[in-house]
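Analysis of the macromolecular model
Next come the chains, spelled out residue by residue.
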Amino acid sequence: MTDIRIQTENLCKTFRNGRLATPVLFDVNLEIRAGEFVAIMGPSGCGKSTLMHILGLMLSASGGRIRLDGRDMSQASPAERARWRRERIGFVFQRFNLLATLSAHDNIALAEQIRRNPPDGQVDRVLAAVGMTDRARYKPGQLSIGQQQRIAIARAVVHRPAILLADEPTGNLDSAHARLILDLFGRIHRQDHPTIVLITHSPEAAGYAERIVELKDGRIHHG
Amino acid sequence: MLRLAWANLLHHKIRTALSVLAVAIAITLLLILVGLAHGTLNDVSRRMESVEAQILVRDAYFDLGSLSGGKLWEKEIPRLLEVKLDQQPAVERVMPVFLGRMKLAGQSQNVFGIAPQDFPYFIGSRRLVDGGLFTDADSARELLDRFEQAGTMGDTTSPAYMPLIVDQRLAAAGDLHVGSAARYGDLDARVVGIVQTGVAGRVFAPINTLRAANGVAVQTAHLFFVKAAGRLSTDQLLALCERIEQATARSATLVADYGRIMKGNFRTLILFVDLVSLIALVICFLFILVTIYTSVLERCREIAILQSLGATRRRILLQTVQEALLLCVAGTLLGIGLTFAVRYGIETARPLMTVEIRASWLLGATAVGIGGGILSSLYPGYVALRHDPVEALSFE
């Protein structure tokens, strides 16, 4: 078992729309160790979110390789990629992406159902961990944006993922709520030691990470 | 996942209600059309098959569908009674039926002219619920006398009338009771008895009286019901039919085959009903397809979230199918309920119409609803899988 959890080699991504080709990432070489908390910083449009989606196997790279736990995922089948997302990866998005029709509890339970995990109290455990037990039956529309993000984090960590990917998780929050959320990430990292990749353009948020990787114009500048 | 499908449907209450209603209407239309077409034919068939006889003898040109055509001479009855199988007399009883038509309860009705002594064989286990059995001789004699004397049947001042026995359903439809007056052409008629529903004719009259009312003085009939001696197998009955045809040069068929013959005569009608039902179903499932398709387009982000959580393509397709299935199952159940309500309405407003609902048809409608739901959700499911999840997650 390698200590390197995430590794990219000359990773490239070009979006194509008919004849129009828009290159976004160029030869990205990155290594993130197991249990490391890394922030990826950079200005808007530099390719941070694209990189996160490739690391989370939501997008395929146009070139280069990506390895997770030493396994080359560049040519993995859609089913294999889905299995990794299901079992080893957790996502937190800037816009929370909770299902509006389900309660907070059911949003988290749904993720466990997709993983076919038995309902053995994990949902209640993470709800308590993010301090949302008393809002379990509320629907996202009935929660504040800070509470919605806490539920989104609970959903992302309920299966204790090896990799937690967070795309601007505090981008929609005021500073007080942002601090709460970042504290939560810090606590999760201390307790469960997942590899955390935090995409942000906020220096304050990046300050919670152990290492900062700077991305500029689709290339790694520093890290 | 089922909870998510349920939650999504409840979230769009009006759209869900309209979709369920569309399926329900299609299922109702299907069941009512089939039930009405087959119900009417089966009702007539069952009533004919209720006669305690196994063989129907008719002129070769007599149309069982319209109950009209050539006549038979009653002098053939002795010949029929002489028919033997394995040297044994095979015919126990021959019951002639002279058919007429009259208007009752707002509709044209076939009148079965039968001999009063044959009446028990026509009603079987059913009973007269009001009034009594008619007598033939007096009214027939009087009518024949008048016919001979005046050469016309138009003297309505005469106390002579044609006695009728009607079934309960016709009595209810026409508000008829014992003593109710009616007209047979220019002739007075009167209800003398009411029999339980399910007998071959909705209206019975004494055969000689009916002949006389039609100006027929000779002993003719349109049909002979033949009751076989003893219990004969189907093969023996078919052999008896052949013997009867040889002996009389008439057409002899099993009473049990009446329904099949009727359905053969009404093949075009049944085909039309099947076609209309099919069109109703296609429209219904197109509606479901559009509903699910619209809902998929509206929920790209939700599908992308499921993908980010690791849901497989199969699981996402299943999610789409589940929603369609819930719509179709709810629509089918509502449709079945509506079918019973519509049947009640039809049979209350038009008591002579029969809407038959069979358990096998209900199961078939359920299968059609579920199968259609699955089929009509496959394309939207395929569309759902083709959406770019990253794009859906990034934008509203």
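Going by the structure above, here's the rest.
Let me begin by describing the structure that accompanies this report. Just so it is clear, the model here is predicted, and its values are computed rather than measured. Numbers given for residues are sequential positions, taken from 1 along each chain in its written order. Lettering for chains starts from A, numbering for ligands starts from 1, and both go in the order in which the items are written. This being a predicted model, a pLDDT of at least 70 is required before a residue's local features are given, and a value of 80 or more before pairs of side-chain atoms are given or counted; all residues contribute to the totals for chains, interfaces and linings. Calculation of side-chain values draws on the structure's entire complement of heavy atoms; hydrogens and water are dropped beforehand.

Residue and element names in this part refer to chain A. Here the phi dihedral of Asn10 falls at roughly 50 degrees; this positive angle occurs in a residue that is not glycine. Numbered from the N terminus, helices here are DSSP runs of H or I no shorter than four residues, and strands are runs of E no shorter than two. Within the secondary structure layout, Asn10 lies in strand 1 (residues 4-17). Phi at Arg160 is positive, roughly 50 degrees, even though this residue is not glycine. Turning to its location among the elements, Arg160 is positioned in the loop between helix 5 (145-157) and strand 7 (163-167). Think of it in three bands: with a 1.4 Å probe and only protein chains considered, a residue is buried below 20% of the maximum accessible area for its type, exposed above 50%, and partly exposed in between. Residue class for Arg160 comes out partly exposed when judged on its relative accessible area of 44%.

By the criterion of burial, helix 1 (residues 48-55) of chain A is predominantly enclosed, with 7 of the 8 residues buried. Immediately beyond the C-terminal end of helix 1 of chain A, within one or two residues, lies Leu57(A), with a positive phi of roughly 65 degrees.

Residues and elements named next belong to chain A. Strand order in the open sheet formed by 4 strands is 2-1-4-5, and the pairing between neighbours is antiparallel. Unpaired on one side and paired on the other, strand 2 (20-33) and strand 5 (71-72) mark the two borders of the sheet. Strands pair, by our definition, only if DSSP identifies at least two bridges between them. As paired strands, strand 4 (residues 63-68) and strand 5 are joined by 2 bridges and run antiparallel to one another. Paired with Leu68 across the bridge in strand 5 is Arg71. Strand contacts of helix 1: strand 1, strand 2 and strand 4, with the helix running at about 120 degrees to strand 1, the strand carrying the most contacts. In what follows, residue pairs with any heavy atoms lying within 4.5 Å of each other are defined as contacts. Axes, fitted as lines to C-alpha atoms, cover a helix only where it is in contact. Angles between the N-to-C directions of the axes lie from 0 to 180 degrees.

Tallying the contact residues gives 23 residues for chain A and 26 residues for chain B. Buried surface area refers to the total accessible area, computed with a probe of radius 1.4 Å, that the two partners give up upon joining, counted for both partners together. Summing the contributions of chain A and of chain B, the shared interface buries around 2200 Å²; its carbon and sulfur component is 60%. If you sort the residues of chain A by the area they bury against chain B, Arg95(A), Thr101(A) and Ile114(A) come out on top, with a joint share of 27%. By convention in these notes, a salt bridge is any Lys or Arg side-chain nitrogen within 4 Å of a carboxyl oxygen on Asp or Glu. On the surface where chain A and chain B come into contact, there are 0 salt bridges. Two N or O atoms form a polar contact when they lie within 3.5 Å of each other; inside protein one atom must be a possible hydrogen donor and the other a possible acceptor, and for residues adjacent in sequence the pair counts only when both atoms belong to side chains. Linking chain A with chain B are 5 residue pairs in polar contact (both at pLDDT 80 or more). Elements represented by at least two residues in the side of chain A that touches chain B include exactly helix 2 (78-88) and helix 3 (104-114) of chain A.

Residue and element names in this part refer to chain A. The buried count for strand 7 comes to 5 of 5 residues, which makes it a mostly enclosed element. Where burial is concerned, the two faces of strand 7 agree: the one with Ile163, Leu165 and Asp167 and the one with Leu164 and Ala166 are both buried. Direction of pairing for strand 6 (residues 89-92) relative to strand 7: parallel, over a ladder of 4 bridges. Residue pairing across strands places Ile89 opposite Ile163, the latter belonging to strand 7. Here 5 bridges tie strand 7 to strand 8 (residues 195-200), and the two strands are oriented parallel to one another. In the sheet register, Leu165 faces strand 8, and the bridge partner there is Val197. The handedness of the strand 7 to strand 8 crossover, carried by helix 6 (residues 175-192), is right-handed. Note on handedness: a clockwise path from strand one over the helix to strand two, with the strands aimed away from the viewer, defines a right-handed crossover.

What follows concerns the layout of surface pockets. Residue and element names in this part refer to chain B. Think of a 1 Å grid over just the protein atoms. A cavity is a set of points where a 1.4 Å probe fits yet cannot get out, a pocket is an open set with protein on both sides within 12 Å along at least five of seven lines, and lining residues have an atom within 4 Å of a point. Grid points are joined across faces, edges and corners, and a volume is the space filled by probe spheres set on the points. Put simply, the largest pocket is a space of about 760 Å³. Contributing to the lining of the largest pocket are 31 residues, with Thr40, Val44, Arg47, Gln107 and Asn110 lying nearest its centre. Looking at the lining of the largest pocket, the elements with two or more residues in it are helix 2 (13-49), strand 6 (107-114), helix 9 (258-265) and helix 10 (267-298). The greatest single-element share of the lining of the largest pocket, amounting to 9 residues, is contributed by helix 2. Under the scheme applied, nonpolar residues are Ala, Val, Leu, Ile, Met, Phe, Trp, Tyr, Cys and Pro; charged residues are Asp, Glu, Lys and Arg; polar residues are all the others, including Gly. Here the lining of the largest pocket is built from residues that sort into 17 nonpolar, 9 polar and 5 charged.

So far we have only geometry, and geometry alone does not tell us how the molecule works.
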